[in-house]
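Remarks on the overall topology
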Amino acid sequence: MTGDRDQHVQITASRRVVLHGLAATAALSTRYGSVAAATADAGAAAPAYRRFEDVLRNKWTWDRVAHGTHGTNCAGTCAFNVYIRKGIVWREEQQGMYGASGADVPDYGPRGCQKGLRHARYMYGPQRILYPMKRVGGRGSGRWERVSWEDATNAIADKFLDLATTAGPECISYGSGTQMSVKLASSASLSRFANITGVTVPEFYSGVGDLPTGVYMTLGQVYTGDTMAAVFKSRCCLVWMSNPAVTRIPDAHFFWEAKYNGTKVIAISPEFTPTALHSNHWVNVRPGTDTALAMAMVDVILEEKLYDVPYISEQTDMPFLVRLDTREFLREEHLGIIGKLAVRENVYYLWDEATGAMVRAPGTGLAEKPVGRDRRRFETLDLGAIRPALEGRWKVRTLDGEVEVTTVFELLKQRAARHRPEAMAGVTGVSAAVIRKTARMFATAKPAMIYTGYAACKWQHGDLLQRAMLLMLSLTGNVGIEGGGIQFGNAPRVRGIGGFAAAGIGPALRMISGTTWDYDHANLKELNRRMYGDELADTYDRYYKESIREDWFPDYSGAGWRMAFFAGENGANWRAGSRQWRKEGFDRLEMIVVLAPDMGVTAHNADYILPIAHHYERADLMLQSRIPYIQVLDIAVPPLGESVDDWEANRRLAAAISRRAKERGLSAVHDEVDGRSVRRDYARTHDYYTMDGRIKSVKDVAQFIINTTPGIPKVSFAELAARGIIRVDHSGSSAWEHEESPYHHEIVESVREKKPYETFTGRQQFYVDHEWFIRFDEALPAHRAPLENQGFPLRMLMGHARHSIHSMWRDDPLLLSLQRGEPDVYVNPQDAAARGVADGDLIRIFNPAGEFFAQAHVSSGMQPGMIFSYHGWDPMQYRTGENFSAVVCTAGLIKPTTMAGDYGHLGYRPLAYAPNQTYRDFTCDFARADPDTGRRTVAA
Amino acid sequence: MTGRSVTGRQVAETAALRCLCYAACSELLASPHEVDPRPALRERIGLGEAVPHARALDPLLAEVSGAELARLRAEYSGLFEVGSQGPPAPIREDLQTGQRAGTREEVVRFYDYFGYTLDDKFAWQPDHLSVELEFMHYLCYREAQAADEADALSFQLAQADFSGRHLASWVPQLAANVDQIAAGSLYARVVAAVQEFIATDHDWQLGTIVDAGAASGATPVRPESSPRVSGRTGVAPEAAPADGGDEP
Ligand code: SF4
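Residues numbered from 1 in each chain as written. Chains lettered and ligands numbered in written order. Predicted model: local features only at pLDDT ≥ 70, side-chain atom pairs only at ≥ 80, totals over all residues. Heavy atoms only, no water.

A few words on the overall build of chain B. Helix and strand content of chain B: ten helices and four strands. Along chain B, helices and strands appear, N-terminal first, in the series β-α-α-α-α-α-α-α-β-α-α-α-β-β. Within chain B, the proportion of its 248 residues that are buried is 66%. A separation threshold of at least 6 residues defines the contact pool for chain B, and within that pool the share at least 24 residues apart is 73%. Put simply, chain B shows about 7,700 Å² of open surface, and 50% of that area lies on carbon and sulfur atoms. (Helix = DSSP H or I, 4+ residues; strand = E, 2+ residues; numbered from the N terminus. Buried < 20%, exposed > 50% of the residue type's maximum accessible area, 1.4 Å probe, protein only. Contact = heavy atoms within 4.5 Å. Areas by Shrake-Rupley, 256 points an atom, 1.4 Å probe, with all protein chains shown as cover.)

The next thing to look at is the overall build of chain A. Counting its regular elements, chain A contains 38 helices and 33 strands. Relative to its 940 residues, chain A shows a buried fraction of 65%. When the accessible area of chain A is evaluated, it comes to approximately 31,100 Å², of which 50% is carbon and sulfur surface. Each charge class in chain A can be summarised by its mean position, and for the 109 positive and 109 negative side chains these summaries are 4 Å apart. (Lys, Arg positive; Asp, Glu negative; His and termini not counted. Charge placed at Lys NZ, Arg CZ, Asp CG, Glu CD.)

Moving on: the sheet that holds strand S33 (residues 923-928) of chain A. Residue and element names in this part refer to chain A. A barrel is described by the order of its strands in space; here six strands give the closed sequence S28-S32-S29-S31-S30-S33, paired in mixed fashion. Each strand of the sheet is rotated relative to its neighbour by a mean of 45°, with strand direction disregarded. Summarising the sheet, strand S30 (residues 842-847) and S33 pair through four bridges and their orientation is antiparallel. In the strand pairing of S33, phenylalanine 846 is matched with aspartate 925. (Pairing = 2+ DSSP bridges. Axes fitted to C-alpha atoms, helices over the stretch in contact; angles between N-to-C directions.)

Strand order in this open sheet of three strands is S2-S3-S4 (chain A), and the pairing throughout is antiparallel. The open sheet has two free edges, formed respectively by strand S2 (64-68) and strand S4 (88-94) of chain A, since each of these has just one partner strand. The mean angle between the axes of side-by-side strands here comes to 30°, regardless of whether they run parallel or antiparallel. Across six bridges, strand S3 (residues 80-85) of chain A lies against S4 of chain A in antiparallel orientation. Directly across from tyrosine 83 of chain A, in S4 of chain A, lies its bridge partner arginine 91 of chain A. Most of the contacts of helix H7 (residues 103-113) of chain B go to S4 of chain A, to which it runs at about 125°, and overall it touches S3 and S4 of chain A.

Residues in close proximity to the ligand include Thr69, His70, Cys74, Thr77, Cys78, Phe80, Gly112, Cys113, Gly116, Pro250 and Trp809 of chain A, which together make up its full environment. Its residues placed into classes, the shell around the ligand shows six nonpolar, five polar and no charged. (Near = heavy atom within 4 Å. Nonpolar A, V, L, I, M, F, W, Y, C, P; charged D, E, K, R; others polar.)

Pairing between side chains of opposite charge can happen when the charged atoms of each approach one another. In this structure the tally under the stated criterion is 86 salt bridges over all chains. Linking aspartate 94 of chain B and arginine 92 of chain B is a salt bridge whose minimum nitrogen-to-oxygen distance equals 3.9 Å. Accessibility assignment for this pair places aspartate 94 of chain B and arginine 92 of chain B in one class, buried. The salt bridge involving arginine 165 of chain B is made with glutamate 106 of chain B; its shortest N-O contact spans 2.5 Å. Of this pair, arginine 165 of chain B sits in helix H9 (residues 149-182) while glutamate 106 of chain B is found in helix H7, placing the two residues 59 residues apart along the sequence. One salt-bridge network, held together by shared partners, links Lys525, Glu526, Arg529, Asp534, Asp538, Asp541 and Lys545 of chain A. (Salt bridge = Lys/Arg side-chain N within 4 Å of Asp/Glu carboxyl O.)

Turning our eyes to something else, we now look at the packing of aromatic side chains. This model, assessed by the stated rule, comprises 66 aromatic pairs over all chains. Relative to tyrosine 629 of chain A, the ring of tyrosine 108 of chain A lies with its centre 6.3 Å away and its plane at 75°, an arrangement referred to as edge-to-face. Of this pair, tyrosine 108 of chain A sits in the loop between S4 and helix H5 (119-122) while tyrosine 629 of chain A sits in strand S24 (residues 629-635), placing them 521 residues apart in sequence. Here tyrosine 108 of chain A matches tyrosine 629 of chain A in class, with each residue buried. Taken together, Tyr49 and Phe52 of chain A together with Phe110, Tyr111, Tyr113, Phe114, Tyr116, Phe135, Tyr138, Phe155 and Phe162 of chain B form an aromatic cluster joined through their ring pairs. One cation-aromatic arrangement involves arginine 111 of chain A over tyrosine 98 of chain A; the distance from NZ or CZ to the ring centre is 5.9 Å. (Phe/Tyr/Trp six-rings, centres within 6.5 Å; stacked < 30°, edge-to-face > 60°. Lys NZ or Arg CZ within 6 Å of the ring centre and 35° of its normal.)

A few words on the packing of helix H1 (residues 11-28) of chain B against helix H10 (residues 186-208) of chain B. All names here are of chain B. Closest axis-to-axis distance for the H1/H10 pair is 10 Å, and the angle between their directions is 155°. Taken together, H1 and H10 sit at an angle that is classed as roughly antiparallel. Of the two elements, H1 crosses H10, and the hand of that crossing is left-handed. Contact residues: H1 offers Thr14, Arg18, Cys21, Tyr22, Cys25 and Leu28, while H10 offers Tyr187, Val190, Val194, Phe197, Ile198, Asp201, Trp204 and Gln205. (Parallel < 35°, antiparallel > 145°, perpendicular 65-115°, else oblique. Left-handed = near helix turned anticlockwise from the far one by under 90°.)

Residue and element names in this part refer to chain A. By secondary structure assignment, the location of asparagine 573 is in helix H28 (residues 571-574). Owing to a relative accessible area of 2%, asparagine 573 belongs among the buried residues under this scheme. Spatially, the C-alpha atom of asparagine 573 lies 46 Å from that of glutamate 314, the residues being 259 residues apart in sequence. When residues no more than four places from it in sequence are discounted, the contact partners of asparagine 573 are Val601, Thr602, Ser807, Gly872, Trp873, Asp874, Pro875, Asn883, Phe884 and Ser885.

All names here are of chain B. Taken together, the buried positions of helix H4 (residues 57-66) are occupied by Leu57, Asp58, Leu60, Leu61, Val64 and Ser65. For H4, the angular spread of buried residues about the axis comes to 165°, placing them on one side. Turned more than 90 degrees away from the buried face of H4 sit Pro59 and Gly66, all of them exposed. (Arc of directions from axis to C-beta.)

Below, the discussion takes up helix H20 (residues 408-417) of chain A. For H20 of chain A, the buried fraction is high: seven of the ten residues fall into the buried class. Here the buried face of H20 of chain A lies against helix H15 (290-303), helix H16 (309-315), strand S12 (321-323), strand S16 (401-407) and helix H23 (462-475) of chain A.

Take the confidence of the model for chain A next. Any segment with low pLDDT has predicted coordinates that should not be analysed in fine detail. Residue and element names in this part refer to chain A. The pLDDT averaged across chain A works out to 93; a share of 95% of its residues lies at or above 70. Segment residues 1-10 is flagged for pLDDT under 50; beyond a separation of four residues in sequence, or across chains, it makes 19 contacts in the model. Low pLDDT, under 50, characterises residues 936-940; the stretch is placed with eleven contacts to residues that sit more than four places away or in other chains. (pLDDT = per-residue confidence, 0-100.)

What follows deals with the pairing of strand S21 (residues 591-596) of chain A. Residue and element names in this part refer to chain A. When you tally the buried positions in S21, you get six out of six residues, the bulk of the element. Burial along S21 is two-sided: the residues Met591, Val593 and Leu595 and Ile592, Val594 and Ala596 are all buried. As defined by bridge partners, S21 adjoins strand S22 (residues 608-611) across four bridges and the pair is classed as parallel. Note on S22: the bridge partner recorded for leucine 595 is leucine 610.

One can expect most non-glycine residues to show negative phi and most peptide bonds to be in trans. All names here are of chain A. Cis geometry is found at the peptide bond from glycine 109 to proline 110, where omega equals -10°. Here proline 110 lies in the loop between S4 and H5. In this structure, alanine 75 takes a positive phi of about 65° despite not being glycine. Here alanine 75 shows up in the loop between S2 and S3.

What follows concerns the packing of H1 of chain B against helix H8 (residues 129-144) of chain B. Residue and element names in this part refer to chain B. Viewed as axis vectors pointing N to C, H1 and H8 meet at an angle of 165°, and their least axial separation amounts to 8 Å. Our classification of the angle between H1 and H8 gives roughly antiparallel. As for how H1 packs across H8, the hand of that crossing is left-handed. Across from Val11, Ala15, Ala16, Arg18, Cys19, Tyr22, Ala23, Cys25 and Ser26 in H1, the residues of H8 making contact are Ser130, Leu133, Glu134, Met136, His137, Cys140, Tyr141, Glu143 and Ala144. Its residues assigned to classes, the contact of H1 with H8 comprises twelve nonpolar, three polar and three charged.

To continue, consider the side chain of arginine 165 of chain B. The buried category is assigned to arginine 165 of chain B, whose relative accessible area is 16%. For arginine 165 of chain B, the side chain forms a polar contact with the side chain of glutamate 106 of chain B, separated by 2.5 Å. (Polar contact = N/O pair within 3.5 Å; in protein donor to acceptor, adjacent residues only side chain to side chain.)

Attention shifts here to the side chain of glutamate 410 of chain A. All names here are of chain A. One can find glutamate 410 in helix H20. Residue classification places glutamate 410 among the buried positions, given a relative accessible area of 17%. If near-sequence neighbours (up to four positions away) are discounted, glutamate 410 is found in contact with Leu390, Glu391 and Gly392.

Below, the discussion takes up the environment of isoleucine 845 of chain A. All names here are of chain A. Within the secondary structure, isoleucine 845 sits in strand S30. Classification of isoleucine 845 by relative accessible area gives buried; the value is 0%. Separated by 608 residues in the primary sequence, isoleucine 845 and cysteine 237 place their C-alpha atoms 35 Å from one another. Filtering out sequence-adjacent residues up to four positions away, isoleucine 845 remains in contact with Val825, Gly850, Glu851, Phe852, Ala854, Ile867, Val887, Cys924, Asp925 and Phe926.

Once that is clear, we can look at the state of the cysteines. Residues and elements named next belong to chain B. A full pass over the atoms with the stated rule returns zero disulfides over all chains. Not engaged in a disulfide, the cysteine cysteine 21 finds its nearest cysteine sulfur in cysteine 25; these two sulfurs lie 6.7 Å apart. For the unlinked cysteine cysteine 140, the closest cysteine sulfur is that of cysteine 19, found at 6.1 Å. With relative accessibility at 0%, the residue cysteine 140 sits in the buried group. (Disulfide = S-S within 2.5 Å.)

So, in structure tokens, the structure goes:
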């Protein structure tokens, strides 16, 4: 006690008069809570308290244990118990209640990871957005004011109506990221809101470079993965472009249990990953040369006749005849005038060795555009008595005269021969002996699988890699069988989402590839010009425009980009043309609205932020393909602060739009979506959104989805909440093979039931004779060297991190303490030494696109010539406010063939066929930096 | 501890006045977005006359109760509630002290023990400064209403422990934080005055709980489990890890 204080700490009798006057008014006044009447009463018995330990004596009990998980894009959907006391979530715990897919297969539980187990604390962390926020300083100044929901939504609605009724709703984007989209009811809510209002939805699947266009080109499907138990059933598993030990923590055990069960687990990656550490073999290919490696293994499979003749004869286009004069498939339209007049471009031919004659290929003919689903109903791949030739050349009479034809298989052999292991050793850095050995291990095991991640889509020519991977699988008869196939994630066919979006109002959703949206609105042609030169920029742009002119892909460039919503999407974190996108697009927006649970760079630059409930504060459903369970998100505690779930946030926006439209006396406007006229009556937005008040909460949305989606057991949401997880229908095997399951099953079904594929040829289609593919010599896959920036020798790779799911949890203090506490970049020791860099030094990573600063993490796990950064680090965590995307300059690389159309299954199909935003075709360099760099310039 | 008694203070007078002081502090630091604090604060003007160590509150009671609500909201939220990397000066103990394991649990145990239950809307932030101050207000109220001396002692010891382990321990840090960000601003002055009141009152509490079992002359005792508060920027002596272990 200080002497100073001693003078006035006495409340003395000399002040008695004043004291009594005020004391008389002393009354219990509680604003935040209440006290039990019995304890508040004057003279009531007090709980005896003598020392602090007294408050610890009472046993800590839980008021409630709720079921939940983390509604983020980890693909984990791990069942958790969430422990609640006094309105607070204190901890979570994994549940071990899962079964297996097959008697001798490991089960799916318990599931979890360290991020999920931090969430009970993270949700109360400083990064949390708790109240609607309005920017009061310049954009990005960090100066904010809390405002009411009403004020925020009124201001947003006014801007929305200004634009929607003048320029049209098309100029307003509503980007939903994985945070929202993986939660079924939230996704349905957004879809309904977008459907009603007409905003443009730049879909994130291609927008973040996750769309496996090569798989779609080949199989007519993008969703080809099975459950994780399928890994255990494979006998050889190439883990390629994927690092499940880090990114699939709840499921990684399947790989290691498979290994102990005799499966050969072979990791293929440039860097020595934690997955490589645990695998039987590690093939360290040079960055960007994976297609060369795959095609070299294809060559081995062909050369050593390790292929499965009956399989490829029936299931693939290998025996289809191709004209050697035009390199087109031989089609009925080539053979006679009737076929030509009828444009019979969908009838293909084989050479039948049984009869020595050309025959029409079974399963071709019908092809309702664009995907030929009628073929699946009415036709078969069954060859019957036909014995298709795989090799040979024949003369065929056509309308153009006699032409020579051969098979796709023959052309493939020629193409593969350009990738002999000895030649590819120099390209890939993998010796010919290792290439041959790996190819043999793979081709002689059955079933064999390629477990790949979305990194396989992140290269400009990722489509060629996927096609080459599928060649390896298909030649060996491994596509569409349990334990085999290319294991990208499957995606649930949640009919209830689309159904809910359109219920009572019809479909008028404006969805566009995020890649083309950015190309149009961030002037990415200019980025291409600066980074890759005039020729590439002009060529790509010419094809881009031609595709739109031909109406193969929609044009949403006309109305401009003037306002943006980002919902559960931290778009300014990861754009592959960061500075250009910011300068030419994002920064020019008239209004930016972010809906998110946590702060990040996108919210930092917004005008309004709306607070969104976190994982344990909301009701929703999760359904991912890797485990056959539907998982509940239950409301363990009410949303913190003034946050609300996505359904409610959109409802409040809808209400404000209606309210302001009425107040402004706005009448309905006409809008055109993909050629259809749509009437938008904004005064009725809220009525439409809530189905005239029948949908009262997100639980009603969830119930709608349960009721209308095949494969989801028909239970009440309340029952699901009580149980936590429920097994989905038809999930006895580890493969999704049943049409009544909630997942895409078409590929397995095609193999088992000989149903034609949804490709132009009705087969697994390796040969694409679209004129653009022929022009770019990509009718069959081949290795193409990745692009580089001249004078910059290092290739930067990236991958999902162990300690975050995208940018979520990236800033958690404990998780940061398990790393280096700040963003780091892995570099090879030789590269570091050549630049005078030691481990832990601050380095500047730079190229013509920009620069960022990070700590050097010197690691012999990196090859010379490459650097590696885990993704998700937010720009706000870097010294100068710029993250890795400062040097990623690939956003404008829209590969012409990925915008090809008018070719059976090829042509714009949202979430299936659209150009990917890619992230790898650039190079950079690094140098030691002054440790004080940027220390004072970090955003407030 | 049985020797501790309350003979060092005039309960009837001091508890009621301190009860008002803590109510005033709680209202001063309540979010003006949740409730307009001004009418209640107007009623408290003059407290400093009665309670010398609350004297610094008086001008602020007048200033806040006379301020535009919009100004209060803007300044309060910009400091305590919203920010690009979290609020510049989080007004929750848990955040000010680095989300240490056990902080909120202890606060909730105190509330539980004395029957103070937060409404659903506020339950998630038991460690909000305004809530902790309201709890002190409640403990003082109970002291004022105590049936007997032993009963009063319970509330006095609880106040001293709660204040020492929590308010007096972390509010100096908040005050320093606010002073650094917004020196001279209305809320910087409010936090400084409240911090001063908390610290002085804590010392006063310690000096007025007397060990009756000691030799005549009754020696003031410090509740055993109260961490010492070092002056006006006091910090708890326990070196807690930045992030240690789980909550319960
Ligand atoms: S974050 Fe994902 S993987 Fe981790 S525990 Fe949660 S649901 Fe499972």
